[in-house]
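Observations on chain architecture
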Amino acid sequence: MTTAPRPWYTVLYIQVLLAIALGIIIGHFFPNAGVALKPLGDGFISLIKMMIAPVIFCTVVHGIGSMRDLKKVGRVGVKTLFYFETVSTLALVIGLVVGKLLQPGKGFDIDPATLDANAVASYVNRAKEEGFVAHLLEIIPDTFIGAFARGDLLQVLLVSILTGFAIARLGELGEKINNAIDAMAKVFFGVIGIIVRAAPVGAFGAMAFTVGAFGVASLINLVELIATFYLTSILFVLVVLGTIARFAGFSIIRFLGYIKDELLIVLGTSSSETVLPHMIQKMERLGASKSVVGLVIPTGYSFNLDGTNIYMTLSTLFLAQATNTPLTIGQELGILAIAMITSKGASGVTGAGFVTLAATLAIVPDIPIQSLAILLGIDKFMSECRALTNLVGNGVATIVISRWEGELDVERLNKVMAHPVALGEEFEDQPA
């Protein structure tokens, strides 16, 4: 028995597409109204972020608590970090190479003395405060509950891992607790299912604000850098992640079709955090094991930021070229090494990539740090591409590591990849 096709206007990704288009029109022709719509986007992001901490806690705790062999957790963790470091470094190198070859900043001839250093002072100060050692210490919350109150992903991940290990050692009692946590997760995902129906409203408000506040005209002067960044990110997804996906047994194009709803929500909100809970569900439905998904997705949001890495090295070279700052091969390799450190721990929220870039320039004295002001007006547009690339990278990583562990339902994966659009709609309103 076949069910009647759903009306096109009830499909989430079509609603989001229409909302984005309407937001661009409102922002362009009625900029004041577009700016006034900002609370719609902020409200939707806040609703999703409200649920991220409990969803991560339940997912990670249940995944680790279900493992009878605790050595497996360490094994998966090592493989995950190895994969993240390898692909993230490759993204940094690609950004550096593209910036060197295409030279998007050449010909700007900007005098750093004419730039307003105060415009980027808040970002620079924040970057200095968030040094590497300070960032490591920030992973430890003031209290167990404090991690949830702050909503810090790494803090929540830390307490979740510790709780998962504790439950795994409790035997029969631990199994009962783990079943209760799994039941709680279903409740939280049910709430997410309700909230995500408001995604078109959030995308409409966020896009209207972006275009209304910054204007399409703000793209013209820096269109070459934006085009270079988007092109590089697209090639990274199709070629690098596409090759990795092929070795893992699936098509990157079909995978993009499967997560189309999430990609459009990220495009509208400029934040990959808005789809974190949904990505957890979708990776499990794709055939990845709960234990791997519970470790890889939350960890990837802080340590596997491919789009942010491309942006950092590409933008650093752009600023050097725009201010006529010559860099030797040794200095470029130094930037690469510094970026490998500063890129760790930047979350998927809007603006984090800009702060990370500020942290990199704060360590590199050759490039005038006030040159960041050049990028300030277009960062909103760049953040969308960073978030999209980060999202795809984390999804691919989850499937690869799950297969690496021998915990990927290949039959399920092939079925979903054969009909990614249909299955994506089939599961849209179902609980995990």
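A brief structural summary. (Residues numbered from 1 in each chain as written. Predicted model: local features only at pLDDT ≥ 70, side-chain atom pairs only at ≥ 80, totals over all residues. Heavy atoms only, no water.)

Some points on the overall build of the protein
Note the cut-off: Numbered from the N terminus, helices here are DSSP runs of H or I no shorter than four residues, and strands are runs of E no shorter than two. Relative accessibility under 20% of the residue-type maximum defines a buried residue, over 50% an exposed one, and the middle range a partly exposed one, all with a 1.4 Å probe and only protein chains included. When checking whether two residues touch, look at their non-hydrogen atoms; a contact exists if any pair is within 4.5 Å. Calculation of accessible area relied on Shrake-Rupley with a 1.4 Å probe; when residues are assessed, cover is drawn exclusively from the protein chains displayed.
Of regular secondary structure, the protein possesses 22 helices and zero strands. Relative to its full complement of 432 residues, the protein shows a buried share of 56%. In the protein, the share of contacts with a sequence separation of at least 24, taken over all contacts with a separation of at least 6, comes to 85%. Surface summary for the protein: the accessible area is close to 18,200 Å², and the carbon and sulfur share equals 67%.

Side note on the environment of Ser289
Keep this limit in mind: Two N or O atoms form a polar contact when they lie within 3.5 Å of each other; inside protein one atom must be a possible hydrogen donor and the other a possible acceptor, and for residues adjacent in sequence the pair counts only when both atoms belong to side chains.
Mapped onto the secondary structure, Ser289 falls in the loop between α14 (276-285) and α15 (290-303). The spacing of Ser289 and Ile401 is 112 residues in sequence and 9.9 Å in space, taken between C-alpha atoms. Residues in contact with Ser289, not counting those within four places in the same chain, are Ser402 and Glu407. A polar side-chain atom of Ser289 sits 2.7 Å from a polar atom in the side chain of Glu407.

Section: unusual backbone geometry
Of note in this structure, Gln103 is not a glycine but carries a positive phi near 45°. In this fold, Gln103 is placed in the loop between α4 (70-102) and α5 (121-129).

Let's talk about the packing of aromatic side chains
Put simply, the rule reads: For this analysis, a ring pair means two rings from Phe, Tyr or Trp (six-membered ring only for Trp) whose centres lie within 6.5 Å, classed as stacked if their planes differ by under 30 degrees, edge-to-face if by over 60, and tilted for the remaining angles. Each ring is checked for a lysine NZ or an arginine CZ that lies within 6 Å of its centre and within 35 degrees of its normal; such an atom marks a charge sitting over the ring.
In this structure the tally under the stated criterion is eight aromatic pairs. The interplanar angle of 75° and the centroid separation of 5.3 Å between the aromatic rings of Phe57 and Phe148 together place this pair among those described as edge-to-face. Taken together, the residues span a long stretch of sequence, with Phe57 in helix α3 (residues 38-65) and Phe148 in helix α7 (residues 144-150) at a distance of 91 residues. Judged by its relative accessible area of 14%, Phe57 falls in the buried class. Aromatic ring contacts, followed pair by pair, group Phe57, Phe144 and Phe148 into a single cluster. One Lys or Arg, Lys38, reaches over the ring of Phe209 and ends 5.3 Å from the middle of that ring.

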